[in-house]
Amino acid sequence: MKLLVAVKRVIDYNVKPRVKADQTGIDLANVKMSMNPFDEIAVEEAIRLKEKGVASEIVAVSIGPAKAQEMLRTALAMGADRAILVQTEDEVEPLAVAKILAKIAGEEQPGLFILGKQAIDDDSNQTGQMLAALLGWPQGTFASKVEFDGTESVSVTREVDGGLETVKLNLPAVVTTDLRLNEPRYASLPNIMKAKSKPLAQKTPADYGVETASRLTVLKVVEPPKRTAGIKVGSVDELIDKIRETGVIG
Amino acid sequence: MKTLVLVEHEEGQLKDATLGTVTAASKLGEVHLLVAGEGVGGVADQAAKIAGVGKVHVADDAAYGHGLAENVAPLVAKLMEEHDAFLAPATTTGKNIAPRVAALLDVMQISDILSVEDQDTFTRPIYAGNAIATVKSSDAKKVITVRTTAFEKAARDGGSGEIEAVSGSGDQGLSSFVGAEIAHSERPELTSAKIIVSGGRALGSGEAFHQYIEPLADKLGAAVGASRAAVDAGYVPNDYQVGQTGKVVAPELYVAIGISGAIQHLAGMKDSKTIVAINKDEDAPIFQVADIGLVGDLFKVVPELTEKL
Ligand SMILES: Cc1cc2nc3c(=O)[nH]c(=O)nc-3n(C[C@H](O)[C@H](O)[C@H](O)COP(=O)(O)OP(=O)(O)OC[C@H]3O[C@@H](n4cnc5c(N)ncnc54)[C@H](O)[C@@H]3O)c2cc1C
Ligand SMILES: Nc1ncnc2c1ncn2[C@@H]1O[C@H](COP(=O)(O)O)[C@@H](O)[C@H]1O
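Residues numbered from 1 in each chain as written. Chains lettered and ligands numbered in written order. Predicted model: local features only at pLDDT ≥ 70, side-chain atom pairs only at ≥ 80, totals over all residues. Heavy atoms only, no water.

## A short note on the site of ligand 1
- Taken together, 29 residues are adjacent to ligand 1, and R201, S227, Q241, S260 and N279 of chain B come closest.
- Surrounding ligand 1 is a set of residues that belongs to chains A and B.
- In isolation ligand 1 exposes 990 Å². Once the protein is present, 85% of that is buried.
- Looking at the shell around ligand 1, the elements that each hand over two or more residues are α1 (37–51) of chain A together with α6 (228–232), α7 (263–266) and α8 (298–308) of chain B.
- The residue inventory of the shell around ligand 1, partitioned by class, reads eleven nonpolar, 13 polar and five charged. (Near = heavy atom within 4 Å. Areas by Shrake-Rupley, 256 points an atom, 1.4 Å probe, with all protein chains shown as cover. Helix = DSSP H or I, 4+ residues; strand = E, 2+ residues; numbered from the N terminus. Nonpolar A, V, L, I, M, F, W, Y, C, P; charged D, E, K, R; others polar.)

Following this line, the structure appears as structure tokens:
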């Protein structure tokens, strides 16, 4: 079975994002960029399925600027077999991303398409669900466990607000990863070297006939209301007094 | 504008997340509701009483019993022929279903809105809440998820919505529900609690979490939350996680104990009215957002606090 994995190039999760002075967005000049953390989990899951013998080939896909190649090389170094970069310098919204991924799924015919649950830049949490809808496939979102039951279906345990829920999905299916699905490995140096010669195909959105014009126009981006540091108290008694002053407790 | 709001419910009870979503919808226009599930007559009655609601569409069918997105999304898409906007709370249920509806309607979802500026314009948090974007949608129909803590709750009574049975295409044969492990707690629910006590990695074990955090929460009548580190380490289950990728909360009082204050954690709690932090490191970033901070060892401070309250 072939597995497809979607990886997005985003701001590194350790960087504190700064709003541009002209309120047009986030300042990304000279900022460290990385693979979206949920997508590392997606790549890791695919590799584990291959190691278990469930999957035969892993294809990593990214839609983004030329520099998104770096994230695909990382996926290849972790263990993906080949990669597809759909290159565009424009911002591509989740709906258009899902349309491109759906076209790629049509060509590649994977058994499972694994995405992150959320990109940590736009925090949309929608691409995987949209992809599943466009393909008419079932979706296992916010997955903390993925288990194949033969070649016909997969059981996905999902992190939901009340706890955990398990659903059974007919294959092919879409899965989106949550934090507890696995702990992604680091690529070893020899594997990073080897990844340089793995195939990476270059495409454009036009190759898939997908229109990427935005449906949402960003009018402005501002900083949230700032919280300022309050007071420090020296003892538990003082802490209790201060909490009482808020009136929340009697 | 005619809006359709997805009613969130569990075990026959309409959940509070619905109420903030109704308020958001009412800023766009007429509010209609959808109750989808199995044996949901009681939920429909509760829904019809919410102040200001018009029609309550009820799809009572085993296919909708566990809220499977594969089955519910086509039902919503069909009802959207007669509505202009679909709104769901940004809960795991809403986040699972709404984007699937959006793709069926070929519209771009507006996720996790904080405000309605006008019929096409909304604000929403991006980058873990480090920025607020104002976005304008050019889609004719809107699909929206709502950060319910950002909206007042609509009143649970005073309304007299008209209940109408609807049917959809039922089971799509793509997926099935296998089982759930849903925690039942006597404590208030995290997302609607007035007070929350949260513990972090510093607790070191599930036993310590139990021994230090829970008695304080009980004393305060509080819900219990946690950082990702505490959940990953297995001290508490996943549904305790507060943050960018967990639950977003805004209680009147949030007590962070042994939590450093990473941006991903702050994203989930910095709209709390009063933040109290207890941390042994005086430079911990949590103190930059805390209204009241106490530098100290939680294993000494927390028992004393619990006892003296
Ligand atoms: C994609 C992604 C998503 C994430 N989503 C979330 C999320 O939703 N929610 C979330 O919380 N995190 C999230 N994180 C993780 C986040 O980056 C931090 O790693 C996490 O919040 C740290 O948890 P912590 O504060 O409990 O642990 P630490 O950062 O290790 O902090 C422990 C704190 O305890 C203090 N301490 C130690 N001993 C004592 C003692 N005896 N008494 C008092 N204080 C003590 C220390 O001084 C320290 O400040 C996410 C990360 C990524 C990459
Ligand atoms: N430009 C992109 N290229 C590849 N994958 C993407 C892209 N945008 C989103 N995704 C995938 O969709 C997931 C959810 O993103 P989002 O819906 O934007 O929060 C991410 O974790 C990725 O797996």
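## Description of helix α4 (residues 92–105) of chain B
All names here are of chain B.
- With 14 residues, α4 should cover 20 Å at 1.5 Å per step; its first-to-last C-alpha distance of 21 Å lies within 8% of that length.
- Among the residues making up α4, those that are buried are T92, G94, N96, I97, A98, P99, R100, V101, A102 and A103.
- Of the residues one or two after α4, D106 is the one with positive phi, at around 55 degrees. (Expected span 1.5 Å × (residues − 1). Buried < 20%, exposed > 50% of the residue type's maximum accessible area, 1.4 Å probe, protein only.)

## As for the sheet that holds strand β18 (residues 292–295) of chain B
- Across the sheet, six strands lie side by side as β13(A)-β18(B)-β17(B)-β16(B)-β14(B)-β15(B); this open sheet has parallel pairing. Only two strands of the sheet have a single neighbouring strand rather than two, namely β13 (231–233) of chain A together with β15 (223–226) of chain B. The mean inter-strand angle of the sheet, taken between neighbouring strand axes irrespective of direction, is 20 degrees.
- Relative to β15 of chain B, strand β14 (residues 195–199) of chain B runs parallel, the two sharing four bridges. Considered in β15 of chain B, the bridge of V197 of chain B is made with V224 of chain B.
- Set on the sheet, helix α6 (residues 236–245) of chain A makes contact with β13 of chain A together with β16 (253–257), β17 (274–279) and β18 of chain B; between it and β18 of chain B the angle comes to about 170 degrees.
- Relative to the sheet, helix α5 (residues 206–220) of chain B contacts β14, β15 and β16 of chain B, its axis offset from that of β14 of chain B by approximately 170 degrees. (Pairing = 2+ DSSP bridges. Axes fitted to C-alpha atoms, helices over the stretch in contact; angles between N-to-C directions. Contact = heavy atoms within 4.5 Å.)

## Considering unusual backbone geometry
- Look at the link from L171 of chain A to P172 of chain A: it is a cis peptide, with omega at -5 degrees.
- On the secondary structure map, P172 of chain A appears in the loop between β9 (163–170) and β10 (173–177).
- The backbone of Q109 of chain A shows a phi angle near 50 degrees, a positive value even though the residue is not glycine.
- Structurally, Q109 of chain A is set in the loop between α3 (94–108) and β6 (112–116).
- Judged by its relative accessible area of 60%, Q109 of chain A falls in the exposed class.
- In this structure, E11 of chain B is a non-glycine residue whose phi angle is positive, near 45 degrees.
- Mapped onto the fold, E11 of chain B is located in the loop between β2 (9–10) and β3 (13–14).

## Re the packing of helix α3 (residues 69–79) of chain B against α4 of chain B
Residues and elements named next belong to chain B.
- Look at α3 against α4: their axes get within 9 Å of each other, and the N-to-C directions meet at 50 degrees. In terms of orientation, α3 lies oblique with respect to α4. Two packed elements cross with a definite hand, and for α3 against α4 that hand is right-handed. Where α3 approaches α4, its residues A69, E70, V72, A73, P74, V76 and A77 are matched on the opposing element by N96, I97, R100, V101, L104 and L105. (Parallel < 35°, antiparallel > 145°, perpendicular 65-115°, else oblique. Left-handed = near helix turned anticlockwise from the far one by under 90°.)

## Thoughts on the site of ligand 2
Residues and elements named next belong to chain A.
- Taken together, 19 residues are adjacent to ligand 2, and D39, I63, A119, N125 and T127 come closest.
- The separation between an oxygen atom of ligand 2 and a polar main-chain atom of Q126 is 2.9 Å.
- Take T127: an N or O atom from its side chain is 2.7 Å from an oxygen atom of ligand 2.
- For the shell around ligand 2, the secondary-structure elements that each account for two or more residues are β4 (57–64), α3 and β6. (Polar contact = N/O pair within 3.5 Å; in protein donor to acceptor, adjacent residues only side chain to side chain.)

## A closer look at the sheet that holds strand β9 (residues 121–126) of chain B
- Across the sheet, which stays open at both edges, the four strands sit in the order β12(A)-β10(B)-β9(B)-β8(B) with antiparallel pairing between neighbours. Among the strands making up the open sheet, the edge pair consists of β12 (216–222) of chain A together with β8 (115–116) of chain B.
- Relative to β9 of chain B, β8 of chain B is paired through two bridges, and the arrangement is antiparallel. Within the sheet, the bridge partner assigned to V116 of chain B lies in β9 of chain B and is F122 of chain B.

## Structural notes on the side chain of T141 of chain A
- Tracing the chain through its elements places T141 of chain A in strand β7 (residues 139–149).
- Judged by relative accessible area, which is 1%, T141 of chain A ranks as buried.
- Within the structure, the side chain of T141 of chain A is placed 2.6 Å from the side chain of N96 of chain B, a separation counted as a polar contact.
- Residues contacting T141 of chain A, with those up to four places away along its chain left out, are Q129, R158 and T176 of chain A together with N96 of chain B.

## Structural notes on the interface of chain B and chain A
- Between chain B and chain A, the contact holds 86 residues from the first and 78 residues from the second.
- For the pair chain B and chain A, the summed buried surface comes to about 6,800 Å²; carbon and sulfur atoms form 56% of the total.
- The interface formed by chain B and chain A includes six salt bridges.
- Among the ionic pairs, R227 of chain A bridges to D291 of chain B, the shortest N-O distance being 2.7 Å.
- Connecting chain B to chain A are 50 residue pairs in polar contact (both at pLDDT 80 or more). (Buried area = accessible area lost by both parts, 1.4 Å probe. Salt bridge = Lys/Arg side-chain N within 4 Å of Asp/Glu carboxyl O.)

## Comments concerning the environment of G42 of chain B
Residue and element names in this part refer to chain B.
- Turning to its location among the elements, G42 is positioned in helix α2 (residues 41–48).
- By relative accessible area, G42 is classed as partly exposed at 39%.
- Separated by 229 residues in sequence, G42 and D271 place their C-alpha atoms 34 Å apart.

## Some details on the pairing of strand β5 (residues 53–60) of chain B
Residue and element names in this part refer to chain B.
- Sheet topology note: the strand β4 (residues 30–37)/β5 ladder contains six bridges and is parallel. Opposite V31, over in β5, you have V53 as the bridge partner.
- Following the chain from β4 across α2 to the adjacent parallel β5, one finds a crossover that is right-handed.
- Here β5 runs beside strand β12 (residues 162–165); their pairing, made up of four bridges, is parallel. Each bridged residue has a counterpart across the sheet, and for H57 the counterpart in β12 is E164. (Right-handed = clockwise from strand over helix to strand, strands pointing away.)

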